[in-house]
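Observations on the model geometry
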Amino acid sequence: MKHELQRGPKEEVVDAPALELRVHGIGDQHLLDALGHPPVLFLGYPTRPDTLAPPRLPNHELRLINWSRTSRRAARFLWYLALPFTLINVAANMAPPPNGHGTRVIGWMVRFIAVIIGLVMTVSLHLWGVAIIETGFRWIRLPSAPQLPVVPWLDPGSSQFPNLVVTTVIALGIILRVIFLVTRRLTANPVALGLIGALHLTAVLATSAVLYFSPPTLWRAPTGLGWLTVQSPTTQDQLEQLRSWHATMPLAEYCTRLVENPQLFTTRWDTLTALVASSVGLTLLLGVLLIASGYVTKSQMVPNWPESPRVSDKRAPRSPSLAGAALVLIIAVSLFQATGSALRFGVGWIATYLDGFDGFTIFQDGTGLSPLDRLVMPAYGGACEDAGAIVDRIPLYGLVCLLILVLSAFLINAVLPHGARWPREWERTQRAEYIHRFIGGLPHTLLPSLLLALAASAYAGNALLLSSWIRGPLGESLSALISQVIAVAIVVFMLLAGHMHSVSKIYNQIADVAGFWPVEWHPWAGRSYRETVIQGVTNELNRQGLERIALVGHSQGSVICAWLLVHTELDNDRRVHLITCGSPLYSLYAAFFPAHFSENFFARLSNKSISLANFWRKTDPIATPIPSANRLDNVLLDDPLEPDKDPEPRVHSDYWIDPDQIEHIRQKLKP
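Residues numbered from 1 in each chain as written. Predicted model: local features only at pLDDT ≥ 70, side-chain atom pairs only at ≥ 80, totals over all residues. Heavy atoms only, no water.

1. A closer look at helix α10 (residues 394-415)
Selection rule: Helix and strand assignments follow DSSP, with helices taken as H or I runs no shorter than four residues and strands as E runs no shorter than two, numbered in order from the N terminus. Working rule for helices: expected span equals 1.5 Å times residues minus one. Accessible area is worked out with a 1.4 Å probe on protein chains only. A residue is then buried under 20% of its type maximum, exposed over 50%, and partly exposed in between.
Taking 1.5 Å per residue as the helical rise, α10 with its 22 residues ought to reach 32 Å, and the 31 Å between its terminal C-alpha atoms agrees with that figure. Among the residues making up α10, those that are buried are Ile-394, Pro-395, Leu-396, Tyr-397, Cys-401, Ile-404, Leu-405, Ser-408, Ala-409, Ile-412 and Asn-413.

2. Overview of the side chain of His-126
We apply this condition: For this analysis, residues touch if any pair of their heavy atoms sits within 4.5 Å.
You can see His-126 is positioned in helix α2 (residues 101-136). Those residues within four positions of His-126 in sequence are excluded, and the remaining contacts are Asn-163, Val-166, Thr-167, Ile-170, Val-204, Thr-207, Ser-208 and Leu-211.

3. Structural notes on the sheet that holds strand β4 (residues 61-65)
Test applied: Strands are treated as partners if at least two bridges between them are detected by DSSP. Every angle, taken between N-to-C directions, lies between 0 and 180 degrees, and every axis is a line fitted to C-alpha atoms, over only the stretch in contact when it is a helix.
One open sheet accounts for six strands, arranged β4-β1-β7-β8-β9-β10; its pairing is parallel. Every other strand in the sheet has two partners, leaving β4 and β10 (632-636) as the edge strands with one partner each. Neighbour-to-neighbour, the strand axes of this sheet turn through a mean angle of 20 degrees, independent of strand direction. Bridge count between strand β1 (residues 18-23) and strand β7 (residues 548-554): six bridges; the pairing is parallel. When the bridges of β7 are listed, Arg-22 appears paired with Val-552. Seen against the sheet, helix α15 (residues 530-541) touches β1, β4, β7 and β8 (576-581) and runs at an angle of roughly 170 degrees to β1. Here helix α16 (residues 556-567) sits on the sheet and contacts β1, β7, β8 and β9 (609-616); the angle it forms with β7, its principal contact strand, is near 135 degrees.

4. Observations regarding the packing of α16 against helix α18 (residues 599-607)
The criterion, for reference: Put simply, angles under 35 degrees are roughly parallel, angles over 145 are roughly antiparallel, angles from 65 to 115 are roughly perpendicular, and the rest are oblique. Residues are grouped as follows: Ala, Val, Leu, Ile, Met, Phe, Trp, Tyr, Cys and Pro are nonpolar; Asp, Glu, Lys and Arg are charged; all remaining types, including Gly, are polar.
The interhelical angle for the contact between α16 and α18, taken along N-to-C directions, is 80 degrees, at an axis separation of 9 Å. Our classification of the angle between α16 and α18 gives roughly perpendicular. Here α16 contributes Ala-562, Trp-563, Leu-565, Val-566 and His-567 to the contact with α18, which in turn contributes Phe-601, Arg-604 and Leu-605. For the contact of α16 with α18, the per-class residue count stands at six nonpolar, one polar and one charged.

5. A word on the environment of Phe-410
Within the secondary structure, Phe-410 is located in helix α10. Ignoring anything within four residues of it in the chain, the contact list for Phe-410 reads Trp-422, Tyr-434 and Phe-438.

6. Some thoughts on the pattern of salt bridges
Stated precisely, the cut-off is as follows: Each salt bridge in this description consists of a side-chain nitrogen of Lys or Arg and a carboxyl oxygen of Asp or Glu lying within 4 Å of one another.
Under the definition given, this model contains nine salt bridges. The partner of Arg-666 in a salt bridge is Glu-663, with the nearest N and O atoms 3.0 Å apart. With Arg-666 and Glu-663 both in helix α19 (residues 659-668), this residue pair falls three residues apart, about one helical turn. Looking at Glu-663, the relative accessible area reads 34%, which means it is partly exposed. If you follow the salt bridges from partner to partner, you end up with Glu-61, Arg-63, Glu-540 and Arg-543 in one network.

7. Describing the nonpolar core
We apply this condition: For this analysis, a nonpolar core means a set of buried residues of the types Ala, Val, Leu, Ile, Met, Phe, Trp, Tyr and Cys, connected via side-chain atoms within 4.5 Å.
One finds Phe-516, Val-537, Leu-541, Leu-551, Phe-597 and Phe-602 to be the most contacted residues of the largest nonpolar core, which totals 104 residues. Among the elements that take part in this core, α2 stands out by supplying twelve residues, more than any other. Dropping the residues within four chain positions of it, Leu-541 is found in contact with Leu-21, Leu-546, Ile-549, Leu-551, Leu-564, Leu-570, Arg-574 and Val-576. Core analysis: the next-biggest nonpolar cluster, separate from the first, contains 15 residues, Ala-18, Ala-550, Phe-615 and Trp-616 among them.

8. Description of the packing of aromatic side chains
Inclusion rule: Stacked, tilted and edge-to-face pairs are distinguished by plane angle, under 30 degrees for stacked and over 60 for edge-to-face with tilted covering the rest, among Phe, Tyr and Trp rings (Trp via its six-membered ring) whose centres lie within 6.5 Å. The criterion is that NZ of a Lys, or CZ of an Arg, lies within 6 Å of the ring centre and within 35 degrees of the ring normal, and then a charge sits over that ring.
Per the counting criterion, the structure on display carries 19 aromatic pairs. Aromatic side chains Tyr-212 and Phe-213 sit 4.9 Å apart centroid to centroid with 90 degrees between the ring planes, which places their arrangement in the edge-to-face category. A relative accessible area of 33% places Tyr-212 in the partly exposed class. An aromatic cluster is defined as three or more aromatic residues linked by ring pairs; in this entry it consists of Phe-516, Trp-517, Trp-563, Tyr-586, Tyr-589, Phe-593, Phe-597, Phe-601 and Phe-602. Between the NZ or CZ atom of Arg-111 and the centre of the ring of Trp-108, over which it lies, the distance is 5.5 Å. Between Arg-617 and the ring centre of Tyr-655, over which it is positioned, the NZ or CZ distance is 3.9 Å.

In structure tokens:
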């Protein structure tokens, strides 16, 4: 059913050649969200129906560009798996502008570090894939097939079969992915993507060769390395002895027997724990290098503290984009390792649960792949070692580190002289203004916040992973329970393709921000929507017969519109009035992507527009003035608009129906 929406008064009609084109922001937007929320005439919540009036349409032609989910719709839940790789792509774009020899070198260093971390994550993907299959094969053994003399891996009962499956899937995936992105012109640099794809393919084949010729589970480790090593049986007789004890003894007696018989074990590397420790450790070291570079590199443009015109050179922070790149890389690696650990833990937990039902005869513990044949998963002696596996607590540790980072940011803001101060009253308006100041000050507070968080996370890692308390009865049970909950939640989230609204909403918004950058620095990065959306907007702007155009971008939509005007030539050198609202162009993009959103970018934006207007609110978390562009009107909107009638602030929404913005657009489109 079609719904007719109201237009404005007839006496103010603007003629047909005028067009207002609206582009919304991030998240799952409905088709008509760019009209704004309809006026509520009667609120019957919670027991009676509500009465609303339709939003009022302007008198000129209005069209809405809805680009919601353009990059995530086809991939569905695979986009969630691709997010860590997409963050690698984001970090590589956070290099400083090449406006000098030093910054040029640091820019290449940022990209080089992003490529190295991306290769580490591809190797980790291979090892986690093998580990997940081996975990399932503890309960399931596929029927054996006659081994071919040339390719013995084709035997499903072979210990190399998981390696074959993972190698084939990842290698073919990289090749097909690169071909798809290049042929569809979805990458900004096809040559660079091809070279990086070749590097990742080489890393996969090299990892596969190592697993075939020298599995990590056979590597002897020196004593004294503690949690990086495990005690594993080396012969089938030793393994059978351990299984016999485990089946006939109480758990306490069984664990005592293990301690009394060290000759049954050989010290070997715990492959997955060593993988996580080395990858996270390498990322932290490279992140510290980026942070140190940030202290010696002055950013070309650094947004000021909110509502200040511009800080002096003495108070101007060093390049925040390098600290941002370090943070993004650390989050990418931590998120990936935590997801891999949770998925492996979840597969094992589900299989253990099904093993308890007699009807599931396919799940029988001990009938699958022998622990001595594993390539990645260590051959643990039994429940004593399984319950204490450090790698299963990684999701819990990742969650704690995230909380530490948030608390560190709040603490730094409270300590710094110009930080965001906690409001005395916690009403919604005061809360929104505090968040606005908090996010607006990130370019100034991110560096010290990240350093504090790294130090606190190291202490938390010792408490959660290595302390005697966590290995005790209470700590072991509590950490195992929380880890199980996190693992099951991640598995359920993946199976439901993101249909957990409260979680998927935040995840989708992050994905939409990360998806702005075309795939270039990692072949598994999520597909970008930027060129597709820009083409759709350009088609509307190039329509014949239009004389006056107002291009209105909200939030991420303002970034898309600005990028379009700077990097795209419209037909017949057509120029438009650009209106941005709730825009992060200056607060986030100029701060953390200075090579792309430099002073030159804003100068070109001003030259390629008839007029520029930026509407913002003090309650909007990401909107700030844009002082760098010439001929730009920064308009501060009141929020709430009418405190006596409607005390609720609009924060980041409903710019579309703000009277000041509506009047500005109407004036620009008058003949």
